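Working through the structure, step by step
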Amino acid sequence: MYCRSCFTSRRDSAGAPAKVAPASRAVNGSHRPVEPAAGRGEDARSGAVFAGIAVRPATRAAIGRMNISAPTPIQERSIPSLLAGRDLVGQAQTGSGKTLAFAVPIAEVCDPSVRRVQALVLVPTRELALQVAEVVSGLASSRGVSVTQVVGGRPIRREQAALRRGADVVVGTPGRTLDHLRQGSLDLGAVRFLVLDEADEMLDQGFARDVEAILSHTPDARQTALFSATMPNWVANTAKQYLRNPVKVEIDDGLREPAVEHLVYSIQRDDKMNALRSLLDGRNGDPILVFGRTKHGVRKLAKKLEALGYPVGALQGNLSQGARERVMRGFRSGAAPILVATNVAARGLDVNGIGQVINYDLPDSERLFTHRVGRTGRMGRSGEAVTFVTPDEERKWREIQRGLGRRFPHRPWRARSSSVGRGLG
């Protein structure tokens, strides 16, 4: 309920599908549907949208067209501080509206007459880059603010051409952003607003050196914001070198926990495939997300399921950007409602109504577990998270539970011929 793409299949109070205007805006040279600029009547009708937060009428109207009227807690507490020029560290659970919390300030502060990159958003995955770029573009397009994505897995020349034409906002993954900096096709000297989305991963060992190198190309006087669902102490300590007297916004206490039912099964490795099939055979039509550990394992598992007749797609890091987008279109459209994926799908994947997340392979940390299961039970819907734990993973599972500060009851998997859907033993 917090970004435009989330709303394409939502219904209004009368039960009719919410309508999205068919206008388009170029993002990296390809046209994606976004809302048109609001007319006077729309601005008038949107007066109650985000009441109490000082934003332009065009921004308010764009938010209204997303079927959003009141800000979520992370938005209500973050947007005014960011508009006031403060650095910020924001933590809130998945599905809480963090993207809009920084997209609104970006749309407000960027000046299309400058013709230089003024805002940079760094994200860990291509899929998240696409979603963030669409949200920012939908908010700012009526003012002529241009948004360019820079992500791996596709030819760099198209991105270079888009940057030459002029980009006000760049949304990118660290590796490709560095490629552009090294090749001279990206100038960050005028950046005034920088966001690290999924900050715990962006500042972890895998990305930290690249992020530090990118930040060295931005002005010291920039405004910086960090957002994530999980914010370990080490992230806050690391972030101190990048932020100046930041506002800290934590939206955890007092919020209703996502309606996710956890089912944890002790299982022998050789029984996992049959157990997975039992769960998939009972699916009720909602999309299902199955997490594997490795790229090879995901490919192999998806091929097995496909050979057995399941409508499945596979998402892993070795796919080209075009292939990844085709997989996601199939998943979102329902043509392939079962998605087998590596942790690339654990961050920022925004698909309506994922009914079940299955941890076919155990994640490596409690943070990844949180982000994986956060793909279901979103937007007020209930969801189910199934986790398989093999005998050799019991120690790791105990460590994950300690990190979460929570213990989950688990039972042995006992398949029944009559068991469908939940595979209860």
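Now for a description of the structure that goes with this document. Keep in mind that what you see is a predicted model, and the values were worked out from it rather than measured.

1. A few points about the overall build of the chain
Tallying secondary structure elements over the chain gives 15 helices and 16 strands in all. Of all 425 residues assigned to the chain, the portion counted as buried reaches 56%. For the chain, long-range pairs separated by at least 24 residues make up 74% of all intrachain contacts whose partners lie at least 6 apart in sequence. Counting every atom, the chain has about 18,200 Å² of accessible surface; 47% of that belongs to carbon and sulfur.

2. Details of helix α11 (residues 272-281)
The buried count for α11 comes to 7 of 10 residues, which makes it a mostly enclosed element. Of the positions making up α11, those classed as buried are Lys272, Met273, Ala275, Leu276, Ser278, Leu279 and Leu280. Contacts made by the buried residues of α11 are with β11 (288-291), α12 (295-307), β13 (338-341), β14 (356-359) and β15 (383-389).

3. Overview of the environment of isoleucine 214
Positionally, isoleucine 214 belongs in helix α9 (residues 205-215). A relative accessible area of 0% places isoleucine 214 in the buried class. Put simply, isoleucine 214 and leucine 122 are 92 residues apart on the chain and 9.5 Å apart in space, counted from C-alpha to C-alpha. Excluding anything up to four places from it in sequence, isoleucine 214 contacts Leu120, Leu122, Pro174, Thr177, Leu178, Leu181 and Leu188.

Criteria and cut-off values
- Residues numbered from 1 in each chain as written.
- Predicted model: local features only at pLDDT ≥ 70, side-chain atom pairs only at ≥ 80, totals over all residues.
- Heavy atoms only, no water.
- Helix = DSSP H or I, 4+ residues; strand = E, 2+ residues; numbered from the N terminus.
- Buried < 20%, exposed > 50% of the residue type's maximum accessible area, 1.4 Å probe, protein only.
- Contact = heavy atoms within 4.5 Å.
- Areas by Shrake-Rupley, 256 points an atom, 1.4 Å probe, with all protein chains shown as cover.

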